[in-house]
Amino acid sequence: MPIDLNRFIATFFDEAQEHLESIEEMAMAMGSGRDDPELLNSIFRAAHSIKGGSGTFGFTQLAEATHEMETLFDALRKGSGHADASTVRLLLDACDAFKAHLARLKAGDRDHDPAMDAIRTRLAGAAGEGAPAAAASAPAAPAEEAFFGGAEKASAPAPAPPAPAPAAARKADAYGLFEAPPPGAAPANGGDKFGFFEPLPGAAAAADAARARGEQSSIRVSVEKIDRIVNLVGELVIAQAMMQQSVGRIAAEQDENLTHSLATLDRNTRDLQQAVMSIRMMPMEFVFSRFPRLVYDVSTRLGKKVHLRTQGHETELDKELIELLIDPLTHVVRNAIDHGIESPEERSRAGKPELGTVGMRATHRGGSVIIEVSDDGRGLDRDRIIAKARELGMPADESMTDEQAWALIFEAGFSTAREVTDLSGRGVGMDVVRRNITSLGGGVTISSVKGEGTTITIQLPLTLAVLDGMIVCVGQEQYIVPLEFVAEAFKPGPHDIRTIVGQPSLVAVRGEQLPLVRLEDVVRLPASATERPLPLCLVVEVDNRRAALLVDSLVGQQQLVVKSLETNLHRVPGVAGATILGDGRVALILDVSAITRTHASRVAAAARVAA
């Protein structure tokens, strides 16, 4: 019966990508002039795994190129030559070529890829320069290194094969596609030059041992299936809330069993929601692992010495947020190396070590994830930033606080670079960072000390699927203010609000004058003839801006399921999404960052007109 390999290809692509990322990480640990045998063995095994899977699925170019990589590292681990900076560069270039080729294969493109020929030639040349004799005489990879294995220790002696199994017994590879030939028999394929179809002796025993140790196992599930479950659970939470509100009064007055059942349903629904949401959570390791390569490439191009230090790998974040976070963090890290870290000569003159440090740290704080990117470079130049802002026509002067001055670098078109390069100088980057972070419901702030370094802090919600919100009322409509932006709520006194003709209103909050944002003006509600209740102020804080949001009343605090407007309708300025309340009504979730930013721009415009 023929075997349909297509159902295994997706797994191969995922594992090949993981192997390539592992090779990149290990490559940047080499080149110190002293070869680490474990690193060489690990790279050899990763290349061998990719090679085996490529041959299985008929990806000949990838199989041949990884075979040359395997040959090179087989020679290096046997002492023929040393890995140096050129070897590192070759490995990184090879990983880039392999990733691009995998992307083509995933898209269904099976045409000949000239880039793979070029990288294969370079790998073969490097292997030939190292020790052609040793490479040619390298024995076949041991059975323990069969493709998609790689859990063994190469430095340990190969274990003795298990006792022969009955004739009917089969030993399968990692995918269970091929059975091993009987002892002493020739391979079914005649023994191809790559040794793709090697048996895995002891695989069953190893699996039994793993189960005996209680090790966790996992399965690969498509993101689409997980998202489908998350959406269904979200609908279940909404339906449960509606039912709770509809029959709650009846249950409380007439039926104690119904009251108990509703409480149990509510508890189990919330537990189910948390369990499903945890499936989408991934450790920040998946983000941090991408940056050693970026730091290596950028620092090498700029002639700087930079060390990357990461903390909080185990901090978890929603997978969707992790994917959307990569681009903003890439801008921030690249800027830290380009603008922050000085050249080795400049650092020596300043009494600093030539090796600069860029740090990335992730922590949980309440219902948010805080990501800090710091450097020990020259810090931000306040005078230069203000001068550049004036040159660009931005409102800036020496009376600004440091936080206000640092916020200028997030304005579109702002750049203090003296030269335009492919890394910086075009005025694009930090404004994109702020826009992308705020679109995720987060905020970004900067702190800096001249001569000591800069820290950029990004705050994000744990997930985009649910949020804790404050339900507020304006007129007959209800709106949601994300709780993470709310600092406090209070009723202003008759003399706390100060209104000047032609100027934005201010409200006094314990001696501080905050700009007053009337929510009825933001949402453009028509004037009501009915008497409005005494107003209430929510003090909100985002992006180092504080403002008072004036509403009619507070309805309460609730965890809500977020629905995207862009998916179903279109983007609405000042609105981050929508949710369905317990009574079945749709309520808009306010984009507090956009609202306060728009209000601040109007205040600045009014000030310029008045001046």
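Residue numbers run consecutively from 1 along every chain, following the written order of its sequence. At least 70 in pLDDT is required for a residue's local features to be given in this predicted model, at least 80 for side-chain atom pairs to be given and counted, and no such filter applies to totals for whole chains, interfaces and linings, which use all residues. Computation of side-chain values: all heavy atoms of the structure, hydrogens and water removed.

### Here we look at the overall build of the protein
- When you go through the protein residue by residue, the secondary structure sums to 19 helices and 18 strands.
- Only protein chains enter the accessibility calculation, which uses a 1.4 Å probe; a residue is then buried when its area is under 20% of its type maximum, exposed when over 50%, and partly exposed in between. Among the 611 residues that make up the protein, the fraction classed as buried is 41%.
- Two residues qualify as a contact provided that any one of their heavy atoms is within 4.5 Å of a heavy atom in the partner residue. Counted over contacts in the protein with a minimum sequence separation of 6, partners at least 24 positions apart contribute 68%. Note on conventions: DSSP H or I runs of at least 4 residues are helices, E runs of at least 2 residues are strands, and numbering of each starts at the N terminus.

### Some words on the pairing of strand 8 (residues 466–474)
- In terms of residue burial, strand 8 counts as a mostly covered element, since 8 of its 9 residues are buried.
- Strand pairing follows a simple DSSP-based rule, namely that at least 2 bridges must link the two strands. Both strand 8 and strand 16 (residues 553–561) contribute to a ladder of 8 bridges, which runs antiparallel. By the bridge assignment for strand 16, Met470 is matched with Gln557.
- What sits between strand 8 and strand 9 (residues 477–482) in their antiparallel hairpin is a turn of 2 residues, with Gly475 showing a positive phi close to 65°.

### Focus on the sheet that holds strand 5 (residues 368–375)
- Pairing within the open sheet is mixed, and its 5 strands lie in the order 2-4-5-7-6. In this open sheet, the two edge strands, each paired with only one partner strand, are strand 2 (306–311) and strand 6 (443–449). The mean inter-strand angle of the sheet, taken between neighbouring strand axes irrespective of direction, is 15°.
- Taken together, the 6 bridges between strand 2 and strand 4 (residues 356–365) define a ladder with parallel strand orientation. Its bridge partner lying in strand 4, Arg309 is registered against Gly359.
- Sheet strands in contact with helix 16 (residues 430–439) are strand 6 and strand 7 (453–461), and its direction is about 25° off that of strand 7. The axes used here are C-alpha line fits, helices contributing only the stretch in contact, and every angle between their N-to-C directions lies in the interval 0 to 180 degrees.

### Describing the sheet that holds strand 12 (residues 506–509)
- With mixed pairing, 6 strands are arranged side by side in an open sheet as 10-14-15-13-12-11. Looking along the sheet, the strands with just one partner apiece sit at the ends: strand 10 (486–490) and strand 11 (497–498).
- Of the strand pairs in this sheet, strand 13 (residues 512–518) and strand 15 (residues 545–551) are connected by 3 bridges, and their pairing is parallel. From the neighbouring strand, Val517 faces strand 15, where its bridge partner is Leu549.

### Some remarks on the packing of helix 11 (residues 291–302) against helix 12 (residues 319–340)
- It is at 10 Å that the axes of helix 11 and helix 12 come closest, and there the two elements cross at 35°. As for how helix 11 packs across helix 12, the hand of that crossing is right-handed. Of the residues in helix 12, those touching helix 11 at Phe291, Leu294, Val295, Val298, Ser299 and Leu302 are Ile326, Leu329, Thr330, Val333, Arg334, Ile337 and Asp338. For any helix crossing, the convention is left-handed if the near helix is rotated counterclockwise from the far helix by under a right angle, and right-handed if that rotation is clockwise.

### Side note on the environment of Asn436
- Within the element layout of this structure, Asn436 appears in helix 16.
- Sequence spacing of Asn436 and Asp327 is 109 residues, and the spatial spacing of their C-alpha atoms is 8.6 Å.

### Quick look at helix 9 (residues 256–280)
- End to end, helix 9 covers 37 Å across 25 residues, agreeing with the expected 36 Å (1.5 Å per residue, within 8%).
- Listed as buried for helix 9 are Leu262, Thr269, Gln273, Val276, Met277 and Arg280. For a helix, the expected span equals 1.5 Å multiplied by the number of residues minus one.

### Some remarks on the nonpolar core
- In plain words, nonpolar cores are sets of buried Ala, Val, Leu, Ile, Met, Phe, Trp, Tyr and Cys residues tied together by side-chain atoms within 4.5 Å. Counting 49 residues, the largest nonpolar core has Leu329 and Ile371 as its most contacted members.
- When residues of this core are assigned to their parent elements, the largest contribution, 9 residues, is made by helix 12.
- Not counting chain neighbours up to four residues away, the residues in contact with Ile371 comprise Met284, Leu325, Leu329, Arg361, Ala362, Ile456, Thr457, Ile458 and Leu460.

### Quick word on the side chain of Thr596
- Along the chain, Thr596 falls in helix 19 (residues 592–610).
- Separated by 3.1 Å, the side chain of Thr596 and the backbone oxygen of Ser593 make a polar contact.
- Excluding residues within four positions of it along the chain, Thr596 makes contact with Val540, Val542, Arg545 and Ala547. We define a polar contact as two N or O atoms separated by no more than 3.5 Å, with the added condition that, inside protein, one atom must be a possible hydrogen donor and the other a possible acceptor, whereas residues neighbouring each other in sequence contribute only through side-chain atom pairs.

### Some details on the confidence of the model for the protein
- Across the protein, the average pLDDT comes to 76, with 75% of residues at or above 70.
- The quantity called pLDDT is the predictor's confidence in a given residue, expressed from 0 to 100. In the predicted structure, residues 131–215 sits below a pLDDT of 50 and forms 95 contacts with residues beyond four places in sequence or in another chain.

### Let's talk about the pattern of salt bridges
- Salt bridges are defined by distance alone: a side-chain nitrogen of Lys or Arg within 4 Å of a carboxyl oxygen of Asp or Glu. Under the definition given, this model contains 33 salt bridges.
- The closest approach of N and O atoms between Arg280 and Asp318, which form a salt bridge, is 2.9 Å. With a gap of 38 residues between them, Arg280 in helix 9 and Asp318 in strand 3 (residues 316–318) connect regions that are remote in the sequence. Here the two residues Arg280 and Asp318 agree in accessibility, since each one is buried.
- With a shortest N-O distance of 3.0 Å, Arg378 and Glu346 are connected by a salt bridge. Of this pair, Arg378 sits in the loop between strand 5 and helix 14 (382–391) while Glu346 sits in helix 13 (residues 344–349), and the two are 32 residues apart along the sequence.
- Among the residues examined, Arg378 registers a relative accessible area of 29% and is labelled partly exposed.
- In this structure Glu346 comes out as partly exposed when scored by relative accessible area, which is 29%.
- In the salt-bridge network here, residues are joined through shared partners; they are Glu24, Arg89, Asp93, Asp96, Lys99, Arg122, Arg293 and Asp297.

### Quick look at the packing of helix 3 (residues 60–77) against helix 4 (residues 85–106)
- In contact at an axis separation of 11 Å, helix 3 and helix 4 are set at 160° when each is read in the N-to-C sense. The orientation of helix 3 with respect to helix 4, classified from their angle, is roughly antiparallel. Considering the relative orientation of helix 3 and helix 4, their crossing is left-handed. For the pair helix 3 and helix 4, the contacting residues are Gln61, Leu62, Ala65, Thr66, Met69, Leu72, Phe73 and Leu76 in the first and Thr87, Leu90, Leu91, Ala94, Phe98, His101 and Leu102 in the second.
- Residues are grouped as follows: nonpolar covers Ala, Val, Leu, Ile, Met, Phe, Trp, Tyr, Cys and Pro; charged covers Asp, Glu, Lys and Arg; every other residue, Gly included, is treated as polar. A breakdown of the residues in the contact of helix 3 with helix 4 according to their chemical character gives 11 nonpolar, 4 polar and no charged. Each angle receives one of four descriptions, namely roughly parallel if under 35 degrees, roughly antiparallel if over 145, roughly perpendicular if within 65 to 115, and oblique otherwise.

### Considering the environment of Asn41
- You can see Asn41 is positioned in helix 2 (residues 37–56).
- The spatial distance from the C-alpha of Asn41 to the C-alpha of Glu70 is 9.8 Å, given a sequence separation of 29 residues.

### Overview of the packing of aromatic side chains
- Classification of ring pairs uses Phe, Tyr and Trp, with its six-membered ring standing for Trp, and accepts pairs whose centres are within 6.5 Å; under 30 degrees between planes counts as stacked, over 60 as edge-to-face, and the remaining range as tilted. As enumerated under the stated definition, the model contains 5 aromatic pairs in all.
- Aromatic pair Phe12 and Phe13: ring centres 5.7 Å apart, planes at 45°, arrangement tilted.
- Using a relative accessible area of 9% as the deciding quantity, one classes Phe13 as buried.
- Aromatic pair Phe12 and Phe59: ring centres 5.8 Å apart, planes at 40°, arrangement tilted. Taken as a pair, Phe12 in helix 1 (residues 6–27) and Phe59 in the loop between helix 2 and helix 3 lie far apart in primary sequence, 47 residues in all. Each member of the pair, Phe12 as well as Phe59, carries the same accessibility label: buried.
- A ring has a charge above it when a Lys NZ or an Arg CZ is no more than 6 Å from the ring centre and no more than 35 degrees off the ring normal. Stacked on the ring of Phe44, the Lys or Arg Arg77 has its end atom at 3.7 Å from the ring centre.

### Considering helix 12
- Helix length check: helix 12 (22 residues) gives 30 Å between terminal C-alpha atoms against 32 Å at 1.5 Å per residue, within 8%.
- Axes are fitted to the seven residues ending at a residue and to the seven starting at it; the angle between these axes is taken as the bend at that residue. Where helix 12 bends most, the angle comes to about 35°, and this point is Leu325, followed within four residues by the proline Pro328.
- Between the side-chain oxygen at the start of helix 12 and the backbone nitrogen of Glu320 there is a gap of 2.8 Å, and the oxygen is on Asp318.

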